[in-house]
Structures are given as structure tokens and as C-alpha cells.
Amino acid sequence: MIKFTINNIELEAEEGTTILEAANEAGIKIPTLCYHKDLKPYGACRLCMVEITKRGWPSLQPACTYMVFDGLIVETDTERVIKSRKVIFELLLARCPDSENIKKLAAEYGVIETRITLADPENCAMCGLCVRVCAEISQREAISFAFRGDKRVVQTAFDKMSPQCVGCGACAYVCPTGRITVEEADD
Amino acid sequence: MPRIGPEDLERIGREAKNDICAKKGTSGARVLVHMGTCGIAAGARSVMTALADEIEQRKAEDIVLVESSCAGLCSREPMITVEVNDKPAVKYVDMTPDKVKDVVAKHLVGGEIVTEYAFSMGGERVLQGRNVAYRLNVMVCTCTNCVANGALQIKDRLDAEIKARDLGNEIQIAPTGANGLCVRGPILVVQPDGISYQSLKPEDIPMLVEEHLVNGRPVKDLMATPVDGESPIPATQDIPFFKSQRLVVLRNRGVIDPSKIEEYIANDGYRALAKALTEMTPEDVITEIKNSGLRGRGGGGFATGRKWESTRKHDDDMKYIICNADEGDPGAFMDRSIIEADPHSVIEGMAIAGYAVGSTQGYIYIRVEYPMAIERLNESLEQAKEYGLLGKGILGTNCDFDITIFKGAGAFVCGESSSLRASIEGRVAEPVSKQIHATEKGLYEKPTVLNNVETFANVPVIINWGADWFAQIGTDKSKGTKVFSLAGNVVNAGLVEVPMGMTLREIVYSIGGGIPGNKKFKAIQTGGPSGGCIPASLLDLPVDYQKLSEAGSMMGSGGMIVMDEDVCMVDVAKYFVEFCVDESCGKCVSCRDGGEALLEILKRICSGGGKEGDLELLEELCSAIGDVSLCGLGKSLPNSVLSTLRYFRDEYEVHIRDKKCPARVCKPLFVYRVVAEKCEKCGLCFEHCPSQAIKWEQNQIAEIIEDRCTKCRICREVCKYEAVITE
Ligand SMILES: Cc1cc2nc3c(=O)[nH]c(=O)nc-3n(C[C@H](O)[C@H](O)[C@H](O)COP(=O)(O)O)c2cc1C
Ligand code: FES
């Protein structure tokens, strides 16, 4: 068993456990958006950043992908964490202005408004839950990310109706912003 | 081609040198056309064609034409080097097909240097291992020609004289291959004085040793080119651009034919690999690299020896060596030039790494936009395999190592280690968390060494000349040299290699020749999009890893962009952020949306919409983006903004408060106006304006119509009376 501390609480976990899993187990709350317990961690939303100390060096690391090791010291709510978490919430609010879910989550951490404007907000946080659920659970790989940078979108191949899609609706189900909807098609 | 053993290298090298000498014949010559991608872009191909045509027409078959690499001074290309048998090499710059015909007629056939186009004479100063330890290095040519003329007797006599005077610790005698003067052999060159002696007899030697080597008085009568015989053109080593450079990585640039492995072998090539395989254990190699202090040249500056050691420690049935030749920074061309100039130095470095860590498979990840470098690599890998320098049983030992080229589609983020691996594995090039190092689980989950092109090119030199020798170049924690691509507002744009610790001022002014048009230096951007801008007040900063990061920039892979007073620093920050936003993979929120947020604010400031609180918001965003982003791209994305805010905050403030751009770059923030008192009513501005934005009639003062003006600057440039101003 691996021994470490989160917020000064001494904890133990199996090797390969992530900080987030350990914190959830211990009832310590860390905000997440792109994490889902049944999917592989992805590390894209950066909400779960926590401060760790390794060989005397403090740094911020994503709790959802970072694995615990012996002697690891984790702090989930330091000033440094809070400062950047608030900025991330502002960015998410700017990107997904209509998402009630993100507004609620942001409000929990004291962020009500955003000072940021983005050229082209589209209510998709690019968390990749839909892409991953389609690949890992439905095993269809009907959708994926296309393009890069600020042009990144979630699409079917060539943005055409996908023969891979069986209409299971898992993508719409996991979508945290309500960007994906399911429509009945004729055939 | 036969597979060779370690003992064959010297013979192949000697044969290659003799071959060069013999091909030149007695009256002939060798012309090196510097055909890097840069040279070709400047027109080197048409120069090459013109040369070939002219030589054919004149039936001068004993003139050898060689496609060589960039000689570094890219702003004066096309460039050629003419080596006529008994004269020092002459470099010609700014060549055209017409000029080159002149050179053939007058220089190659007529024997007269064309001083009008000639730039310099002699070679560059290469940082030779042996020179450093010894006060003088006496090189005795032992090519077939010189040996036939008695070179060995000369060497024996020299050895005896040196021994008699007990000067063995100070002066080294080194046999070398042909150097071009051999019809007047035996030849002897004294370095670093750069003085050649010719037609020597053994009885000349005691006097020569006493006068030159002991008393420092060169013996004119025996010299090949008397120093006082007024040379019409300066020596290459005296040209400021070349003088302060020290070539370690670029040791073979522009002097060998990179398409011939034999020429590389003739210049100490593959000796380090042979030495490693036959005289050193893998641990010895790693220790040597560790002791040399070599740090990665790809950006991060990680200790190379430690990386190798860690990879060696992780036992596995398969390990990989990857050479990172993605080179995605705008304005950077170091790695491309190294590969084009000396591909085998990279291949040899990788093979040594393979032996050291226990890997049998290497990859070179190179962007597809580098067709010439790829062709060179393909050709070179082929040759190395034929000689048995790659493949199974290298140099007759039981060491196996092979290299495959992987062509990337050319995205900045593909240079990042985890994206690069994903790209080779056939996945989308998106970074992932790096809690477990690649040295443990890298490519295909196997222990992997990833190093930059330049890092590998340093390796053979360190093995050949020793860690101690390497470690004495540079500063405390930054050893060796660094290759930079010097670009922007600088007279001599090009590829330069300098010892670590040289000041920015020396690089910009001595090597770069300063700023064109007597403009003032404003800043230098180092480290590519991840780096920052350093202001004039820090020109005396020594360039090394620590000093650059303390100044808010970084070494990066070696881009250096010089900016003069006409550059707007807010605009510069905007440019680099825009590049990063474009090149971001888009996976993590902080890099993708954070970058875009920065860009939106900068765009607003540059178009007159800046408001109070913008700078604080920029800083807050920068701090968060740098702290939480997934990979190095996002982590370093804020640097251009942070460094310009640190050194040029007042410029941001003028943009926001006064809605003015002091450098007159941000178009919405200034207008052109005609000063009535200065206008001579000539109408030139009216005539040249492409947008019909000028009102003018005969004998009338011109006037600029603001809504039509596109601020193209032409009116201001054509006005002879400086009557057009900006405000
Ligand atoms: C966005 C990004 C781009 C990079 N591009 C390159 C590159 O083009 N070439 C390179 O050698 N290293 C590049 N690097 C650094 C590599 O990730 C890696 O550190 C390096 O290749 C290791 O080799 P070195 O130790 O020899 O420097 C890049 C890093 C980042 C974050
Ligand atoms: S939950 Fe960890 S990065 Fe999104």
C-alpha cells in the first residue's frame, strides 16, 4: 500500500490510484469536468489541479491523471490552486455561456461572472467525454476531435452522417453542457 | 561497398582526401556551391547550372563541382567557395549566373581572384580538440602527393626537434590529409596562426622550429602565402561574422560534400562510434556524456547523460532512440541546416546513444516540409548501412542499431515529446500527462531516449575529444556551443555557432553586424514562441540556459530574432500568442481558451479598445495558463506577453491610455498627415498612392483622405521633402 497525505490527512491506496480517486474515497472534494469514473482519465479541463510537493518542489498537477506515490503531499485548496481554478472557471464560462451546469459549478467556487470574451463561444467545453464514451463504452468510435487549437470541434468522420453511430445517445447523456442532443431520424 | 571494421576508417578517410586532391588534377579546382535550403531559395540552383554549363563549354573537366551545405551567412547567398590547388579557398557571395561565369573565366581558368565579388579567403575557425590543449598545432600533410615529396622525413625531423627542445606538452604535430596546396608539398600548417609553409626540406626544419614555433616569428621565405603580400581580400577568420564563431556542431559545414560518407569519414567521422564500440563500455560512454555537461538543445536543457543513464537502467527487450527534428519554431532553421550540412554527425550520435542505452532501433522524426534534409538523411542512412556502420554487427562488433525516418506533417506541437510519440504510433498528436518519464515508458511503452538533432551532433565530438575538452567551453552550467538562427532586423542574418556565455551584444553586433539602416536596437526575441523578448538594457547578458530564463526568456531550440526601434512590442506579443493559439492542439482549456483570451485582449489593445485593468487581467491569465497547462506549449505560451509586459509595460500603457502606437505599427492607432509647410506640391504621393487616398492638384498642397488611407506607407517613402508624417 502507498502512503501519502491529502490536506494533511494521512491516507493509503493501491499502487496506480490517482489523487482524484483517493480524494473521492476519502470524501475530499476536487472539482472536475472532463472526468468520469467509468472512462479513462483525460486531463483536459484542468479544473482538478491540486498542489503537490515532489522532492521539495511544489507544482500544480491534475488530480485525475496523477498517481499517488509514497510520501506524496497533496493540498487541494492552496492560494495558488484557487487562483488558477477561478481563471479556468472564467474561461469555461466564456466558452459555454449557456451551460447551467458550468454556471452552477463555477458558482460553488465563487465565480459568477467572466471578464473574458472569446471570438466564438459554442457551449462545448471540449471535455471529450462524448468522444471517450463512444469509443470506450459504446465501442463505436463514431465521433472524434477534428482540427486543432481554437478550431477544434467534435465531429463524425468528414462531418457526414456516420454509419458507425448506432444512436445509443451515450454521448448526449454524458455531455456536461447540453451541447449534444439526440434527434429521431426517419430510417 | 564492403562492410568495414574500425581499422578501415582511417584508410577510407585518407583515400577520400587523396581522391579530392587527385580529382582536382594539377591545374584544376573544386568549387563548392553552398546549397542549403536557404541557398537554393536565394538562387543557388541557377548558379550551379550556370557553373556546370560554363565548365562544360570550356571543357574544363578537371574542375570538380560540389553541392555543399549552407556556409552560415544566409543573407549573402547564393555563395560559393573556390578551392584552386595552390591557393587558399576563396568565398564569393551574392552570386548570380552571370557573375559566376566571370568567376570561372577569371579565377578558375585565369587564376586571378575576382576581387569585385570575393568576400573572404581561407577557412573558418573550427574549434579543434587538439588546438585547445596545445599552444600550437603543427599539421603536416601526409597525402600521397606530399609523402612522395618527403613529408614523412619532415615529420620525423619535426618530432626530433620538438623532443630535443622538450616542447611536447606545448606543441602537437598532427598528420593531416590533403589540404589543397599539395602540388607544392610537403606542406605544413601552423595553427592557430593559420600560416602555411610549402616545398619544405628537412634541413629547413630546425630554423623553422626555432623562429616560428619558439620565437613566434613566422618565416616568410618558406610561406605559401606571404602575409605581407597584400591580400586583396580579407581572411575568412578576420571577417567579424566568422571570427567570433566556434564550430563544434557545424564543424563540417560548407567544407564537405554532405552526400559522400567518405568525406565525413575523412574528417574524423565515425571514429567516435568505433571508439565507443571497441574501447568503451556503455557505462563509460554515459559517464563521458555526463561529465561533458551536455544539455539538451531542443528547449528544455535537460542533462543528456542523465537521460541516457535512466534509459539504460530500465531493462526491457526493446528500447528506442528518437531524434527530434520537428523544428516547429517560426524563424528557426538550425536543425534543418545541421542535417543538410552534416547528416552523418547526427546518425553517428544516435548510434552511440543506441550503444550506450542498449537500443537497437532509432527514429528520426522530421517534418515533411524539409524535403532536402529528408533526402540527405535517406542517402546517408543508405551509405552508412552499406559500410556496416548501421544495421547488424556494426563495424564488425556485436552491436546492432538501425534508423528509420518518420515524416511528420509539420505541427509545432508534434515537437513536444508525448505528441511526437503519439504521432509515430499513429495516434493524434496530443500531449498526455508525463508523470512517468519516457526513459521508462516512451514510444510503444518502451524505454526511450528523445534528443534534439543538435544534441546528437555534439555526441561524436565529445567521445572523440573528451568530456574535459568539451566542458571547458561555455559557462558553469551550460557547456559547449549553441547554434542559433539569427534573423530579423540584423545585417548578417544566418546560422551562427557560438560558445555558451557569449553576450547578446557580441552576437548582434560583432557577428550579426548590427542593425541595418542605423536604426536603434530595441529587443531580441529568443527561444521561439515559448521564449521572450529581451530589451537593450540587457544586451550584455551572457547567453546560457540560466541567464536567459532569469531574463524571462529561454534558450529554446535557438531562434534569435532581432528587433529594431520600428517594432511594436504589443504587436510582437500578439504575433507569438497567435502562433501558439493556432498551433495549440486544443486539448486543454488553459492553452486553447486561455491563449485565445489573451489574443482577444491583445487584439483589442492594438486596435484602440484597450481599457483599464487589461494589463492585470493579462497577468492573471498568464499566471494561470503557465501554471495549469498540460504540456510545454501551454506552459510557455504566456512568455511573450509576460516578458514584453516586464520590459515594455509603458508601451502597453500608451496603447491603452493614449490610444497610440509609439512604433507606428498598430494601424488603427495612428494616421498619416501632410505637413503643409514642408509640402513642395510635387504630387509624387498622389501619383504613387494605390488607394486614391490623396487629394492633390497642380500647385496645391497634398492632403490625405483618412477613410481611404490603408496606411501602406508608400506616400511617406516617396516624399522627397519628408512632408508626410505619422501622428
Ligand atoms: C510545443 C513544443 C515543441 C517542441 N518542439 C521541439 C522541436 O521542434 N525540436 C526539439 O528538439 N524539441 C522540441 N521540443 C522539446 C521536446 O519536447 C524535448 O524536450 C526535446 O526534444 C528533448 O531533446 P533534448 O533533451 O536533446 O533537448 C518541444 C517542446 C514543446 C513543448
Ligand atoms: S478532471 Fe482532471 S483535467 Fe478535467
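For the structure itself, consult the block above.
Predicted model, so just to flag it, every value in this text is computed and none were measured.

(A) View of the overall build of chain B. Of regular secondary structure, chain B possesses 28 helices and 22 strands. Taking 27 Å as the expected radius of gyration for a compact globule of 727 residues, we find that chain B reaches 28 Å, a close match to that expectation. Counting only C-alpha atoms and orienting by the principal axes, one finds that chain B spans roughly 85 × 70 × 50 Å. When each of the 727 residues of chain B is scored for burial, the buried share is 59%. Distance from the positive charge centre (84 side chains) to the negative charge centre (103 side chains) of chain B: 2 Å.

(B) Just the packing of helix H23 (residues 589–606) of chain B against helix H24 (residues 614–628) of chain B, in detail. Residue and element names in this part refer to chain B. Close contact between H23 and H24 brings their axes to 10 Å; oriented N to C, the two are set at 160°. By the angle class used here, H23 and H24 are roughly antiparallel. Our pair here, H23 against H24, has a crossing hand that is left-handed. The residues of H24 that touch H23, namely those facing Ser-590, Gly-594, Gly-595, Ala-597, Leu-598, Ile-601, Leu-602, Arg-604 and Ile-605, are Asp-614, Leu-617, Leu-618, Leu-621, Cys-622, Ile-625 and Val-628. Of the residues in the contact of H23 with H24, the class split is eleven nonpolar, three polar and two charged.

(C) Highlighting the interface of chain B and chain A. The interface is formed by 30 residues belonging to chain B together with 34 residues belonging to chain A. When chain B packs against chain A, the two sides together hide about 2800 Å² of surface, and 54% of this comes from carbon and sulfur. Contact with chain A buries surface across chain B, with Gln-435, Val-589 and Val-628 of chain B losing the most and accounting together for 22% of the total. Linking chain B with chain A are six salt bridges, by the criterion used here.

(D) Quick look at the site of ligand 1. Residues and elements named next belong to chain B. Lining the immediate environment of ligand 1, one finds 19 residues, of which Gly-298, Glu-327, Asn-451, Asn-452 and Thr-455 sit closest. A distance of 3.0 Å separates an oxygen atom of ligand 1 from a polar atom in the side chain of Asn-324. Leu-450 has a polar backbone atom sitting 3.4 Å from an oxygen atom of ligand 1. For ligand 1, whose free accessible area comes to 610 Å², the fraction covered by protein is 88%. For the shell around ligand 1, the secondary structure elements donating two or more residues are strand S13 (448–452) and helix H25 (632–636). With three residues, S13 is the largest single contributor of residues to the shell around ligand 1. Classifying every residue of the shell around ligand 1 by side-chain character gives three nonpolar, eleven polar and five charged.

(E) Representation of the nonpolar core in the model. Residues and elements named next belong to chain B. Of all hydrophobic cores here, the largest spans 79 residues; its most connected members are Leu-598, Leu-618, Leu-621, Val-641 and Tyr-652. The residues touching Leu-598, leaving out its near neighbours within four places in the chain, are Val-577, Leu-618, Leu-621, Cys-622, Ile-625, Leu-637 and Val-641. Among the nonpolar cores identified, the runner-up in size contains 72 residues, and Ile-394, Leu-395, Phe-401 and Phe-456 belong to it.

Rules used in this analysis
- Residues numbered from 1 in each chain as written.
- Chains lettered and ligands numbered in written order.
- Predicted model: local features only at pLDDT ≥ 70, side-chain atom pairs only at ≥ 80, totals over all residues.
- Heavy atoms only, no water.
- Helix = DSSP H or I, 4+ residues; strand = E, 2+ residues; numbered from the N terminus.
- Rg over C-alpha atoms; globule rule 2.2 N^0.38 Å.
- Buried < 20%, exposed > 50% of the residue type's maximum accessible area, 1.4 Å probe, protein only.
- Lys, Arg positive; Asp, Glu negative; His and termini not counted.
- Charge placed at Lys NZ, Arg CZ, Asp CG, Glu CD.
- Axes fitted to C-alpha atoms, helices over the stretch in contact; angles between N-to-C directions.
- Parallel < 35°, antiparallel > 145°, perpendicular 65-115°, else oblique.
- Left-handed = near helix turned anticlockwise from the far one by under 90°.
- Contact = heavy atoms within 4.5 Å.
- Nonpolar A, V, L, I, M, F, W, Y, C, P; charged D, E, K, R; others polar.
- Buried area = accessible area lost by both parts, 1.4 Å probe.
- Salt bridge = Lys/Arg side-chain N within 4 Å of Asp/Glu carboxyl O.
- Near = heavy atom within 4 Å.
- Polar contact = N/O pair within 3.5 Å; in protein donor to acceptor, adjacent residues only side chain to side chain.
- Areas by Shrake-Rupley, 256 points an atom, 1.4 Å probe, with all protein chains shown as cover.
- Core = buried A, V, L, I, M, F, W, Y, C linked by side-chain atoms within 4.5 Å.

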